[in-house]
Amino acid sequence: MNKNMNNKQSGFSLMETVIYISLMTVLLFTLLSLIDSASRTYLISKSSRDIERSAVGVVAAFENQVNSASAIDIVNTKFDNATGSISLIAYDGAGHSTTTKIYLLNNQVFLDQNNIYVGPLSLSDVRVTNLTFRNMSTSTFNGFKVEMTIDNGTSSDQYLSENFYNSYILR
Amino acid sequence: MFLKKQLKFRSKKHDMTSCTSHTNLNRGFSLAEILIGSSIICLSLILIINLETGISKLGFGSTQRVQAGMLAEEGVTAINSMRNASWQNIGVLSNNTLYGLYWNQSNKNWQATTTISLVDNKFTRTVVFTPINRDIASFNIVDSGGVPDTDTRGYVVSVSWQENGATSTRSLTSYIHNIYNK
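The sections below set out a description of the structure shown in this document. (Residues numbered from 1 in each chain as written. Chains lettered and ligands numbered in written order. Predicted model: local features only at pLDDT ≥ 70, side-chain atom pairs only at ≥ 80, totals over all residues.)

Digging into the overall build of chain B
Which entries qualify depends on this criterion: Only DSSP runs of H or I with at least four residues qualify as helices, and only runs of E with at least two residues qualify as strands; both kinds are numbered from the N terminus onward. Exposure in this text rests on C-beta crowding, where 20 or more other C-beta atoms within 10 Å of a residue's own make it buried, 12 or fewer make it exposed, and counts in between make it partly exposed. The C-beta atoms are placed from the backbone. Whether two residues are in contact is decided by their C-beta atoms, placed from the backbone, lying within 7 Å.
Broken down by element type, chain B carries 4 helices and 7 strands. Along the chain direction, N to C, the helices and strands of chain B fall in the order α-α-α-α-β-β-β-β-β-β-β. Of all 182 residues assigned to chain B, the portion counted as buried reaches 19%. Of the contacts formed within chain B by residues at least 6 apart in sequence, a portion of 50% connects residues at least 24 apart.

Take a look at the structure:
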């Protein structure tokens, strides 16, 4: 009886310890690599969402302005340029005009109304690297084409860059 | 004798009310128990993280859906701009034929072409026109019967792309009419 108790308290055998440590190492390694891949996936998915939200925000502003604007203010519009800007003129029933300018500055898209700063249209944690406007206007209608590139500003393997295109005809 | 002494000592140390029945509890965990316990915890964590990663990946395709939606909308605007310039741009296109749309930067206009090229090496945008028949009395568009209306065409703009090994498509269906008659 005495001998048995002594044996029980002698601890783990070398073989048991080696097997235990090996199994735990494999499990922990799998767990850590999964945590790493999950955090990468999360970061990419967050960037992807931010890029998408910025694009939708900018496009919504264009759609909103195009519905009321009737002319392009050519003097204050920069066509065929990667840091482009567009200035749209809308007239209300009383003949008063509102000029809305949408432009790219420091990798963010902003909106001004009657030369007064209104606010940004893209999120601050993404970079708009290209906002090019193409003049689609003819003698019979006014319109423009938009090309926009948005990236997440990361230079690692989580780098994301997406292009968005749309065209608009003024009413 | 030794066992009795030890039980007494443990019972005192832990202030147990019934020392004999709790002896096993004080023995601690065996190697097998630790191994099974930690394996269950690790495997549960692995499953949870895998599930979370899978759910996050589900959202990845949504940017492409937004891009495709915008390309399809642009297709509709492109067709409207072609019509606005001249109905001939639409009139000369064959029915039930796949056309691609491309921006001609030198002419600054949209054009239809039978050469379909990829947008950003990712999206294929096509447009197919269909003939329209109208009822003689009501002038409503009808699926069968009626007379052909050469001043109206039906069309479908489709944008397709590869996603998780399968082809996804977004389509917009509309009509275009020779409203400016030119």
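What about the interface of chain B and chain A?
Counted only if it meets this: When residues are grouped by polarity, Ala, Val, Leu, Ile, Met, Phe, Trp, Tyr, Cys and Pro land in nonpolar, Asp, Glu, Lys and Arg in charged, and all others, Gly among them, in polar.
Residue-level contacts link 36 residues of chain B with 41 residues of chain A. Going through the elements one at a time, α1 (2-14), α2 (31-58) and α3 (61-85) of chain B are the ones with two or more residues in the side of chain B that touches chain A. Top contributing element to the side of chain B that touches chain A by residue count: α3 of chain B, with 14 residues. Considering only residue class, the side of chain B that touches chain A consists of 15 nonpolar, 15 polar and 6 charged.

Comments concerning the sheet that holds strand β2 (residues 85-91) of chain A
All names here are of chain A. Note the cut-off: In this scheme, strands are said to pair when DSSP sees at least two bridges between them.
If you walk across this open sheet you meet the 5 strands as β1-β2-β3-β4-β5, and the pairing is antiparallel. Two strands bound the open sheet, and with one partner strand each, they are β1 (71-72) and β5 (116-120). Strand direction decides the pairing type here: β2 and strand β3 (residues 97-105), joined by 7 bridges, are antiparallel. Across the sheet, residue alanine 90 finds its bridge partner in β3, namely threonine 98.

Things to note about the environment of isoleucine 86 of chain A
Residue and element names in this part refer to chain A. If you trace the backbone, isoleucine 86 turns up in strand β2. Isoleucine 86 gets classed as buried once you count the C-beta atoms within 10 Å, which come to 24. Separated by 70 residues in sequence, isoleucine 86 and serine 156 have C-alpha atoms that sit 33 Å apart. Contacts of isoleucine 86, omitting those with residues within four sequence positions, involve Ile72, Thr77, Ile102, Phe133 and Phe144.

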